[in-house]
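Here's the letter readout for the chains.
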Amino acid sequence: MSSAKGSWNYEVKNNMASVTGRIEERIRCEEQRRGWPRREVEPTPDPSEGGERSSRDRATSERTRTSSPPGRGPGWVQHDAVKSNDPSSTPSEQTNAINCCDVLIIGGGPAGSAAATVLAGHGHKVLLLEREKFPRYHIGESLLPFTFQPLQRLGLIEKMRKSAFIKKYSVQFVSPSGKASQPFYFFTRYDRDTVAQTWQVLRSEFDVMLLDNAREKGASVKEETTVKELMKEGGRVVGVRAQDKGGKITEYRAPITLDCSGREAFSAVRHNWRVGDPELHKVAVWTYYKGAKRDEGIDAGTTTVAFVPEKGWFWYIPLHDDIVSVGVVAEGKYLTRDGVKEPEQIFKREIEQNLWIKEYVSCGTQFGPFYITGEFSFHSRYCGVEGLLLVGDAYCFLDPVFSSGVMLALKSGAMAGDAVHEALLARDFSPERFADYATKLREGIENMRKLVYAFYNPNFSFRELTDKHPDLAGDVTDCLSGDVNKDFSRLWTAIEEFADVPKPLPYGQPLANAKAQMQPAQVPLNR
Ligand SMILES: Cc1cc2nc3c(=O)[nH]c(=O)nc-3n(C[C@H](O)[C@H](O)[C@H](O)COP(=O)(O)OP(=O)(O)OC[C@H]3O[C@@H](n4cnc5c(N)ncnc54)[C@H](O)[C@@H]3O)c2cc1C
């Protein structure tokens, strides 16, 4: 059993990293304002630049690199001729810029790896910078059926089939008294051999598979390299400053940077674009068990959502190596009632609130830390500016109740890869080029968000909805399976008989577009 102190480490580390980033940024601005010299370590050209890339065809990227940009494009900076006019970019006489690639990617989670794979597949020179050394721990283990298409696009279905990951065919819901619903099998709606079977993954292993795949397709990856700052010239992003584990700072330049930094939302935080969801302010506490009970046959990999009072819920996700991931999500006020603050105590008290969870974990042994995180649903006001595009959680993160995060990260990574490929061919990185990307992504997020709101509404239940409107059961399954870019208007009209359906938020468009579209009255308060 771990100590409660250790349990905070992961999230605290992440929060501290983001706080430290903001402090560093403020110091930098202050130094600039006062005309103080830069304190950065002088970087040297990186010997591995381009070295990790396989010997695939580089025709497109070579052409891009040696050409001048057309009129309104972002400009492709010349080697060793980098000077900024933008005071916020603070270029230094001491620093040598590296024109490293066609596309820079911040973060090697599912979004970053998917984008890197797609772009490298298109023949572009991609450099992905990842802060951690993989394998690294990450939450987000239950996949949705509609991760199938992006995984297929990345060429990973066979690897997934051969992997140790547990096959997932269904999801079931359990009342606080311990009564389980029939599992909702995905094969009642989708092809049993493809979409209808998905996986429960240990993210440390899954993310390595994705990142290795990006490398195999030709992307260069630098682990243990932390992006510290976006570099800007004339308002557009022209690259990043990053620090390796030895402390060396290097400037990497590219015509476009993809921010795939996850919930830390590197760019959204620095631009003050991060907006909390108006209603979804939950807290999650979770840990792992060995030897806990699991069902048999095709139910062995079922995700269980088990309710606790006040619309709180447990996830119970069976993983391989006899591990089960168990977490509870609810309002912070409920979880910390009577002054209970320690994650371990919160978790153990909630186990008593659901008889099914209590029984299933009773034969297992808890191991490792108790993790906690809060305020996890947020949106970015914009999807980017010239030279910058936000992808995956860095763009938006929704409450995890329907396990949509990895699906949206992989899907947005692939979509961003295609959109950026077109931009590279056209040598045009103006923000409005990414309006379709943003519109499609927001449509999927808003559909999922409506269902999440319904789930948390005390007047709503899926059973009552489908009893009254049996013809809409298919729509519910589609949305819950991740088939989110569809017209669900009939479903929303039916849900409105039980619960309020939230209006779409006016967020996520490229900065130029969004300015024209947004009415101040439509914008919910920033939390
Ligand atoms: C409690 C909880 C439960 C969840 N459960 C599920 C679930 O069951 N199923 C599901 O699909 N999703 C789930 N999710 C969501 C899922 O974790 C995310 O949606 C998913 O990981 C997003 O992928 P990503 O690539 O956008 O970001 P991430 O996976 O977070 O990857 C971002 C990467 O960027 C790196 N990085 C960050 N900052 C920098 C920097 N400055 N420089 C360099 N690298 C950087 C990080 O080290 C990280 O590797 C859950 C989330 C939470 C909070």
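Structure first, text after, so check above.
What counts, and at which threshold
Residues numbered from 1 in each chain as written. Predicted model: local features only at pLDDT ≥ 70, side-chain atom pairs only at ≥ 80, totals over all residues. Buried ≥ 20, exposed ≤ 12 C-beta atoms within 10 Å, placed from the backbone. Helix = DSSP H or I, 4+ residues; strand = E, 2+ residues; numbered from the N terminus. Arc of directions from axis to C-beta. Contact = placed C-beta atoms within 7 Å. Core = buried A, V, L, I, M, F, W, Y, C linked by C-beta atoms within 7 Å. Axes fitted to C-alpha atoms, helices over the stretch in contact; angles between N-to-C directions. Left-handed = near helix turned anticlockwise from the far one by under 90°. Near = placed C-beta within 6 Å. Nonpolar A, V, L, I, M, F, W, Y, C, P; charged D, E, K, R; others polar. Domains from an automatic or database assignment. Pairing = 2+ DSSP bridges. Parallel < 35°, antiparallel > 145°, perpendicular 65-115°, else oblique.

## Some details on helix 11 (residues 355-362)
In step 1: Of the positions making up helix 11, those classed as buried are Trp356, Ile357, Tyr360 and Val361. For helix 11, the angular spread of buried residues about the axis comes to 115°, placing them on one side. Within helix 11, the exposed residues directed more than 90 degrees away from the buried face are Glu359 and Ser362.
In step 2: Packing partners of the buried residues in helix 11 comprise strand 5 (170-174), strand 14 (282-290), strand 15 (303-308), strand 16 (312-318), strand 17 (323-331) and helix 10 (343-351).

## Some remarks on the nonpolar core
In step 1: Ala115 and Val285 are the most contacted members of the largest nonpolar core, which has 136 residues in total.
In step 2: Looking at which element gives the most residues to this core, the answer is helix 12 (residues 405-426), with twelve residues.
In step 3: Setting aside chain neighbours within four positions, we find Ala115 in contact with Ile105, Leu258, Cys260, Val391, Gly413, Ala416 and Gly417.

## Comments concerning the packing of helix 4 (residues 110-121) against helix 12
In step 1: Interhelical geometry of helix 4 versus helix 12 gives an angle of 30° and a closest axis separation of 7 Å. Here the hand of the crossing between helix 4 and helix 12 comes out right-handed. On helix 12, the residues that touch Pro110, Ala111, Gly112, Ser113, Ala114, Ala115, Val118 and Leu119 of helix 4 are Val406, Ala409, Leu410, Ser412, Gly413, Ala414, Ala416, Gly417, Asp418, Val420 and His421.

## Notes on the site of the ligand
In step 1: Around the ligand sit 37 residues, and of these Gly109, Gly140, Gly262, Gly392 and Gly405 come closest.
In step 2: Where the shell around the ligand is concerned, the elements lending two or more residues are helix 4, strand 9 (225-233) and helix 12.
In step 3: Considering every element that reaches the shell around the ligand, the biggest residue donor is helix 12, with four residues.
In step 4: Considered class by class, the residues forming the shell around the ligand number 15 nonpolar, 15 polar and seven charged.
In step 5: Both of domain 1 (18-134 + 207-275 + 386-392) and domain 2 (145-203 + 279-374) provide at least three residues apiece to the shell around the ligand.

## Things to note about the sheet that holds strand 6 (residues 184-185)
In step 1: With mixed pairing, the seven strands of this open sheet are ordered in space as 6-5-15-16-17-14-18. In the strand order of this sheet, the two ends are held by strand 6 and strand 18 (365-374), each with one partner.
In step 2: Across seven bridges, strand 14 lies against strand 18 in antiparallel orientation. In the sheet register, Tyr289 faces strand 18, and the bridge partner there is Gln366.
In step 3: Here helix 11 sits on the sheet and contacts strand 5, strand 14, strand 15, strand 16 and strand 17; the angle it forms with strand 16, its principal contact strand, is near 30°.

## Overview of the packing of helix 12 against helix 13 (residues 435-456)
In step 1: Two numbers describe how helix 12 lies on helix 13: the axes approach to 10 Å, and their chain directions differ by 165°. Regarding the angle of helix 12 to helix 13, the classification is roughly antiparallel. Crossing hand, helix 12 versus helix 13: right-handed. Residues Leu408, Ser412, Met415, Ala416 and Ala419 of helix 12 form the contact with helix 13, whose own contacting residues are Tyr437, Lys440, Leu441, Gly444 and Ile445.

## A few points about the environment of Glu497
In step 1: Of note, Glu497 is situated in the loop between helix 16 (489-495) and helix 17 (511-517).
In step 2: Through-space distance from the C-alpha of Glu497 to that of Leu465 is 8.9 Å; in sequence the pair is 32 residues apart.

## A look at the sheet that holds strand 20 (residues 388-390)
In step 1: Spatial strand order, 8-3-2-12-20: five strands in an open sheet with parallel pairing. At either end of the open sheet lies a strand with only one pairing partner, and these are strand 8 (220-222) and strand 20. On average, adjacent strands in this sheet sit at an angle of 20° to one another, irrespective of strand direction.
In step 2: The strands touched by helix 4 within the sheet are strand 2 (103-106), strand 3 (126-129) and strand 12 (256-259), with strand 3 carrying the most contacts at an inclination of about 165°.

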